[in-house]
Number of protein chains: 2
Amino acid sequence: MKQNTKYNIKSNLKRLFTYRLCLIGFKRKGFDRIFSHNLGEEAGVTAEQVRKDFSFFKIRGNKKGGYQINDLLRAIDEVFKYQHNQHVVIVGMGNIGRALVQYKRFLLRKMIIVASFDIDPSKQSRRWGIPVLPLEMLDDIIKKFHVKVAIIAVPEISAQDVLDRLIDLGIKGFLNFAPVMLKTPENIIVNNINLCDELESVIYYTEKVIE
Amino acid sequence: MKQNTKYNIKSNLKRLFTYRLCLIGFKRKGFDRIFSHNLGEEAGVTAEQVRKDFSFFKIRGNKKGGYQINDLLRAIDEVFKYQHNQHVVIVGMGNIGRALVQYKRFLLRKMIIVASFDIDPSKQSRRWGIPVLPLEMLDDIIKKFHVKVAIIAVPEISAQDVLDRLIDLGIKGFLNFAPVMLKTPENIIVNNINLCDELESVIYYTEKVIE
């Protein structure tokens, strides 16, 4: 897969998620049907972009009288439907890791955190709904639950090591909270969430852009 | 400020944050100097883009023998330096809110969470380093600490109400964790982090893109 494709699909997905939120919003307001230009306006893109994205994800609907909102929501759910449950592991049980294992919304979307891992034995003795295991058990758990996705919530200093180890064990996709540029081979996807950067970016606006 | 400008600056900032992570990486490997094409390659953009972004943020350096990495890092820090401390409030002390008030990295970047708020009195009695206050005290705290930025970590059902209330109290910038499209007037910035979407996006890759 080329780097370029990676980035394009990332933007496509991002817009698809935005459409979903907008559609839920329209539904809440009592709408049943919607035109691509309504949805585009709400999502901040053109109607053409909406139709392009729908076509990319093979989402169809009756365009003459507008789309049925429920049909669209079902079609979007279909995009993220797989043949088996989505099992995820978390490595690093600091503040972020602990918040994520307790984050109920993942379950609503059928993303199941099957286990968490930490090198600190004192954390292993505690439980936050799911077991906290030593890293030596990664291999067993990944095999047992056919895990392909991991969340990295370790300090930046150990993030690359943890990533390399997980790749060796067959993990293909990562959600990374460590503020560091991780090196990955091809065909591995890393989605970075940098909380400091996100907050700093808001502050920058309020200080230097908005007057 | 036009919507377009908003989005452009957002991408500019995102790349600037990436450059910073790359520069820290280069430094760790023992490099002192760097050319824009090295940095571009590491960050996944062209050398021209790097120079454009530096020019946008008024970051200068000796281009002949390459940039001094330390100079660049200092110049990037300068972009985010303001005349006063950056005070932030958090509304919603669920799992995410609690993780964020304990997230030490914000402090390292001089972003100070001065107080958190929750409607649940049982949470108000507990303390996670900073006070958890009832929403009635928002006005006092925002005035006292000259707060312009808030983190929204409430359930989606109350997110718009909380946002509207905070805007009335003078908050200009938001980091929002509630999975909902928030309506904002002009000159207000909302940066959304949707944890489910981020994880689902990784899963989509591992299931449907990577082979």
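The rules behind these values
Residues numbered from 1 in each chain as written. Chains lettered and ligands numbered in written order. Predicted model: local features only at pLDDT ≥ 70, side-chain atom pairs only at ≥ 80, totals over all residues. Heavy atoms only, no water. Domains from an automatic or database assignment. Buried < 20%, exposed > 50% of the residue type's maximum accessible area, 1.4 Å probe, protein only. Helix = DSSP H or I, 4+ residues; strand = E, 2+ residues; numbered from the N terminus. Arc of directions from axis to C-beta. Salt bridge = Lys/Arg side-chain N within 4 Å of Asp/Glu carboxyl O. Contact = heavy atoms within 4.5 Å. Polar contact = N/O pair within 3.5 Å; in protein donor to acceptor, adjacent residues only side chain to side chain. Nonpolar A, V, L, I, M, F, W, Y, C, P; charged D, E, K, R; others polar. Expected span 1.5 Å × (residues − 1). Least-squares fit on C-alpha atoms with pLDDT ≥ 70 in both. Pairing = 2+ DSSP bridges. pLDDT = per-residue confidence, 0-100. Disulfide = S-S within 2.5 Å.

(A) Up close: the domain arrangement of chain A. Taken domain by domain, chain A comprises domain 1 (11–79) and domain 2 (84–198). Centre-to-centre separation of domain 1 of chain A and domain 2 of chain A, based on C-alpha positions: 32 Å.

(B) Just helix H3 (residues 47–56) of chain A, in detail. All names here are of chain A. Regarding H3, the residues found buried are Ala47, Val50, Asp53 and Phe54. Projected down its long axis, H3 shows its buried positions confined to an angular sector of 125°, all on one face. Every exposed residue of H3 that faces more than 90 degrees away from the buried side is listed here: Glu48, Lys52 and Ser55. Directly beyond the C-terminal end of H3, a positive phi value near 60° is found at Lys58.

(C) Expanded view of the pattern of salt bridges. Evaluation of the coordinates by the stated rule reveals 28 salt bridges over all chains. Residues Glu200 of chain B and Arg20 of chain A are paired through a salt bridge, measuring 2.8 Å at the closest nitrogen-oxygen approach. With Glu200 of chain B in helix H10 (residues 195–209) and Arg20 of chain A in helix H1 (residues 3–28), this pair bridges two chains. A single burial state applies to Glu200 of chain B and to Arg20 of chain A, both of which are buried. Between Lys143 of chain A and Asp139 of chain A there is a salt bridge; the shortest N-O distance is 3.3 Å. One end of the pair is Lys143 of chain A and the other is Asp139 of chain A, both in helix H8 (residues 138–144) and four residues apart, which spans about a single turn. Note on Lys143 of chain A: relative accessible area 57%, which makes it exposed. Judged by its relative accessible area of 28%, Asp139 of chain A is partly exposed.

(D) Structural detail: the interface of chain A and chain B. Chain A puts 69 residues into the contact, and the matching count from chain B is 69 residues. Summed over the shared surface of chain A and chain B, the number is 16 salt bridges. One salt bridge in this structure joins Glu207 of chain A and Lys148 of chain B, with 3.3 Å as the shortest N-O distance. Taken together, the connections running from chain A to chain B amount to 24 residue pairs in polar contact (both at pLDDT 80 or more). Per element, the largest residue contribution to the side of chain A that touches chain B is 15 residues, and it comes from helix H10 (residues 195–209) of chain A. Residue composition of the side of chain A that touches chain B, by class: 38 nonpolar, eleven polar and 20 charged.

(E) Here's a closer look at the side chain of Asn194 of chain B. Turning to its location among the elements, Asn194 of chain B is positioned in the loop between strand E8 (189–192) and H10. By relative accessible area, Asn194 of chain B is classed as buried at 12%. Of the polar contacts made by the side chain of Asn194 of chain B, one reaches the backbone nitrogen of Cys196 of chain B; its length is 3.3 Å. Setting aside chain neighbours within four positions, we find Asn194 of chain B in contact with Leu21 and Arg109 of chain A together with Pro179 of chain B.

(F) Molecular detail of H10 of chain A. Residue and element names in this part refer to chain A. Relative to the 21 Å expected for 15 residues at 1.5 Å per residue, H10 spans 20 Å between its end C-alpha atoms, a close match to the ideal helical length. With respect to burial, H10 is a largely interior element, 13 of its 15 residues being buried. Its side-chain oxygen placed 3.3 Å from the backbone nitrogen of Cys196, Asn194 serves as the N-cap of H10.

(G) Region of interest: the relation of the copies chain A and chain B. Mapping chain A onto chain B calls for a rotation angle of 180° and an axial translation of 0.0 Å; the resulting RMSD is 0.0 Å. Here the symmetry operator amounts to a two-fold rotation axis. Nearest to the rotation axis, the C-alpha of Ala99 of chain A is located 3.0 Å from it, this being the minimum over chain A. Taken together, the interface assignments show that 100% of the residues at the interface of chain A recur at the interface of chain B, consistent with an identical surface on both copies.

(H) How the structure looks around the pairing of strand E3 (residues 86–91) of chain A. Residues and elements named next belong to chain A. For E3, the buried fraction is high: six of the six residues fall into the buried class. Of the pairings in the sheet, the one linking E3 to strand E4 (residues 111–117) comprises six bridges and is parallel in character. Bridge pairing in E4 links Val91 to Phe117.

(I) Looking closely at the confidence of the model for chain A. The predicted model of chain A averages 90 in pLDDT, with 94% of residues at 70 or higher. Here the predicted complex scores 0.88 on pTM and 0.89 on ipTM.

(J) Inspection of the state of the cysteines at higher detail. Following the criterion strictly, the structure yields zero disulfides over all chains and no others. Here Cys22 of chain A is not cross-linked by a disulfide; its sulfur's nearest cysteine counterpart is in Cys196 of chain B, at 17 Å. Judged by its relative accessible area of 2%, Cys22 of chain A falls in the buried class.

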